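Read off the chains here:
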Amino acid sequence: MSDIILETRGLTKRYGGVHALEDANFVLHQGEHVAVVGDNGAGKSTFVRQITAVEQRSAGTVMFDGREVNFAGPLEAREAGIETVFQTLALADDLDVPSNLFLGRELFKVRLGPFSILDRKAMRERTMEALKTTAVKIPNVDNPIRNMSGGQRQCVSIARTAAFASKLVIMDEPTAALGVQETAQVENIIRGLKARGIPMILISHNLRQVFDLVDRIVVFRRGRIVASLRKEETDGNDIVSYITGVKGSETAYA
Amino acid sequence: MAQPTHGLGGLKYDPAKKTRAQEWNVLLALVVILVTFELLGRIFLGDSFLFNTRENATSLFNEQRLQIIILQVSIVGIIAIGVTQVIIIGGIDLSSGSVVGATAMIAMSFAQVATVNGNPNPKAIFLEQGWLDLPVIVPVVIGLCCGVIAGMVNGFLIAYTRIPPFIATLGMMVSARGLSKWWSNGNPVSFPTESYAAIGKGLNPVLIFVGLAVLFHLIMTYTKYGKHCYAIGSNEDAVRMSGISVPRHKVLVYTLAGMLASLAAVVLSSKNLTAQAGMGVMYELQAITMAVIGGVSLAGGRGSVVGTVLGALILGVITSGFTFLKLNAYYQEMTMGAIIVGAVVMDQWRQQSRGRGK
């Protein structure tokens, strides 16, 4: 029980008549890295959005850190310790790196409600620390991130997640738009999380990456979990046959 | 965990280079305009625009002209400080001019004297109620409340019904102007108490403008409020996903903008010693012009109060410059239109050269 960080039971999401996610039963253990794979529209992102409460689920329960949770929004999920890298970069282009890292959880010198005075120095220092521990190199953190390359922006986004990660990290296709070197950098950050023992759910289309990084692979198809396989027990062809529906038409328990 | 790090793949700009603040370009434009008027004046009129050329002059600069330049933009400048914040969050406020009209009428009604030249004030709005010779705090607070209410209505409409800011504030613009005409059946309201008249006396509008500009510059630069303004204008979805209440912030921004507009109305009516239903017409556009000239991007996320203050000065210098060159006032208006369009075109160019898509 105490080994389980996240568990979903019968998690279901319908958009009108569309069953985007149907009866997802999923377990994630402490320190475990799990990949979620599947075709476009298989329900991967929907699954994650229910956990992080970006959307409200239609049915089912979510257990996080030993208790049932009903997050009202992504901030509550984040406060509970779930950090997410979204598919669409959740960065403000006109702000610099520290401001983006601390967006919504600013540090203050003086608290005056909405006019609280920011502690810019502390935020900058902690940003540099975070970038150092995640091995992300940003040449000038004081520039607005508008001026940065796609890879650097993604690294900022991931560094934010990694820096504040306390209990669970969720990444939705973190390397989808990146070049080879940038992808390698992101993968290093993920390995760093593994070394720190922080559990992670990784959504990815890149099977090479999945086999490189995670312990277990969960396959989604048409809104259902159809397979949950340990990395050692499976291979690329096997996964593809689950993704395409050659194998596994029954709902599986992940 | 310390894996060897890989290069700075995809690096396309000089990492050491700190991007130059937009405000420097605006300041440069201001200086260029000043020098141009100075040169034109010397060549065509044999007179100086900036400097004191009279015999036995005690001061280097033509202080009177400089004062006029600042004084004539300071009241609209107060509005522009609020409009700047609205534009930074990606909105627009068309209602400020009408809010000035409505607030001036209402505030002035509570600031009237009981006796004019020994006779009872003939045109007092609240003669029957006997609300005359009230302490200055009453009209000021009531005036500010008008702006707060108008701004809150704007903010709630925009944040919770999700209608475009253009439409919401257009509605307020028309309604508030209607209110200011209805208030006294179109008659002007005059005869303020001495203490009310003192608010906008002499260079007070300038002091109020500068004070507010400094205050809001600090707020926009050093507080959570300011940071979130830029963040919302930059990427509203990201801000929402960070768990910040975007609607609440928007209501606050529009409320402050309304309050600043009503403060401008108090200063204006006090300075003019009268309030009229037509007060503040086109002020909203002048305020937007100041912000846009000052480098505040209509796309949101970029700009500053400092920029807007410089934009206001540019506007003031151009107006004074045209008068100084004895050019017809019609040319002023025509040129002003071109300047507004030019400023927005420059902003577009900046975005195209900087932005690399979403």
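Residues numbered from 1 in each chain as written. Chains lettered and ligands numbered in written order. Predicted model: local features only at pLDDT ≥ 70, side-chain atom pairs only at ≥ 80, totals over all residues. Heavy atoms only, no water.

**Here's the deal with the packing of aromatic side chains**
How we decide: Only Phe, Tyr and Trp rings take part, Trp by its six-membered ring, and two of them pair if their centres are within 6.5 Å. Stacked means planes under 30 degrees apart, edge-to-face means over 60, and tilted covers everything else. Only when the NZ atom of a Lys or the CZ atom of an Arg is both within 6 Å of the ring centre and within 35 degrees of the ring normal do we say a charge sits over the ring.
Taken as a whole and assessed by the stated rule, the structure comprises 14 aromatic pairs over all chains. Chaining the aromatic ring pairs together yields one cluster made of Phe110, Phe126, Trp131, Trp182 and Trp183 of chain B. Above the plane of the ring of Phe164 of chain A lies Arg105 of chain A, whose end atom (NZ or CZ) is 3.7 Å from the centre. The ring of Phe26 of chain A carries the charged tip of Arg216 of chain A above its face, separated from the ring centre by 6.0 Å.

**Some points on the state of the cysteines**
Counted only if it meets this: By definition, disulfides here are pairs of cysteine sulfur atoms that lie within 2.5 Å.
A full pass over the atoms with the stated rule returns zero disulfides over all chains. The thiol sulfur of Cys146 of chain B is not disulfide-bonded, and the nearest other cysteine sulfur, from Cys145 of chain B, lies at 7.2 Å.

**Some points on the confidence of the model for chain B**
Quick note on the threshold: Confidence of the predictor in every single residue is expressed as pLDDT, which spans 0 to 100. Contacts between residues were defined by any pair of non-hydrogen atoms, one from each residue, lying within 4.5 Å.
The predicted model of chain B averages 87 in pLDDT, with 92% of residues at 70 or higher. Low pLDDT (under 50) marks residues 1–16 of chain B, which in the prediction has 30 contacts with non-local residues, meaning those over four places away or in another chain.

**A closer look at helix H8 (residues 236–244) of chain A**
Residue and element names in this part refer to chain A. Our working definition: Partly exposed describes any residue whose relative accessible area lies between the buried limit of under 20% and the exposed limit of over 50%, with all areas from a 1.4 Å probe on protein chains only and scaled to the type maximum. Secondary structure counts use DSSP, requiring at least four H or I residues in a row for a helix and at least two E residues in a row for a strand, with both numbered from the N terminus. In protein, a polar contact requires one atom able to donate a hydrogen and another able to accept it; more generally it is a pair of N or O atoms within 3.5 Å, and residues adjacent in sequence count only if both atoms are side-chain atoms.
Taken as a whole, H8 has its buried residues at Asp238, Ile239, Ser241, Tyr242 and Ile243. Residues of H8 that are buried sit in contact with strand S3 (33–38), helix H7 (207–213), strand S11 (216–221) and strand S12 (224–230). The residue sitting at the N-terminus of H8 and contributing the capping side-chain oxygen is Asp235; that oxygen lies 3.1 Å from the backbone nitrogen of Asn237. Gly245 lies just past H8 and shows a positive phi near 95°.

**Here we look at the pairing of strand S9 (residues 168–172) of chain A**
All names here are of chain A. Put simply, the rule is: DSSP bridges decide pairing: two strands pair if at least two such bridges lie between them.
Most of S9 is tucked away, with five of its five residues classed as buried. Burial along S9 is two-sided: Leu168, Ile170 and Asp172 facing one way and Val169 and Met171 facing the other are all buried. Alignment of S9 against strand S10 (residues 200–203), held across four bridges, turns out to be parallel. Opposite Met171, over in S10, you have Leu202 as the bridge partner.

**Re the sheet that holds strand S4 (residues 59–64) of chain A**
Residues and elements named next belong to chain A. Definition in use: Angles run from 0 to 180 degrees between N-to-C directions of axes, and those axes are lines fitted to C-alpha atoms, restricted for helices to the stretch in contact.
Here four strands make up an open sheet; going across it, the order is S2-S1-S4-S5 and the pairing antiparallel. Looking at strand neighbours, the two that pair on one side only are strand S2 (18–29) and strand S5 (67–69), the edges of this open sheet. Here the strands of the sheet are splayed against their neighbours by 25° on average, with no regard to which way each runs. The pairing of strand S1 (residues 4–15) with S4 spans five bridges and is classified as antiparallel. The residue bridging Arg9 from the neighbouring strand is Thr61, located in S4.

**Observations concerning the sheet that holds S9 of chain A**
All names here are of chain A. A sheet is described by the order of its strands in space; here six strands give the open sequence S6-S9-S10-S3-S11-S12, paired in mixed fashion. Each of the sheet's edge strands pairs with one partner strand only, and the pair in question is strand S6 (82–85) and S12. For this sheet, the mean angle separating the axes of adjacent strands, direction not counted, is 20°. The strands touched by helix H1 (residues 44–51) are S3, S6, S9, S10 and S11; relative to S10, the strand with the most contacts, the crossing angle is about 150°. Running at roughly 25° to S11, H8 makes contact with S3, S11 and S12 of the sheet.

**Overview of the pairing of S11 of chain A**
Residue and element names in this part refer to chain A. Along S11, six of the six residues are buried, which leaves the element largely enclosed by surrounding structure. The side-chain alternation of S11 yields two buried faces, one formed by Arg216, Val218 and Phe220 and the other by Ile217, Val219 and Arg221. Summarising the sheet, S11 and S12 pair through six bridges and their orientation is antiparallel. Counted as the bridge partner of Phe220 is Ile225 from S12. Two successive antiparallel strands, S11 and S12, enclose a turn made up of two residues, where Arg222 displays a positive phi of approximately 50°.

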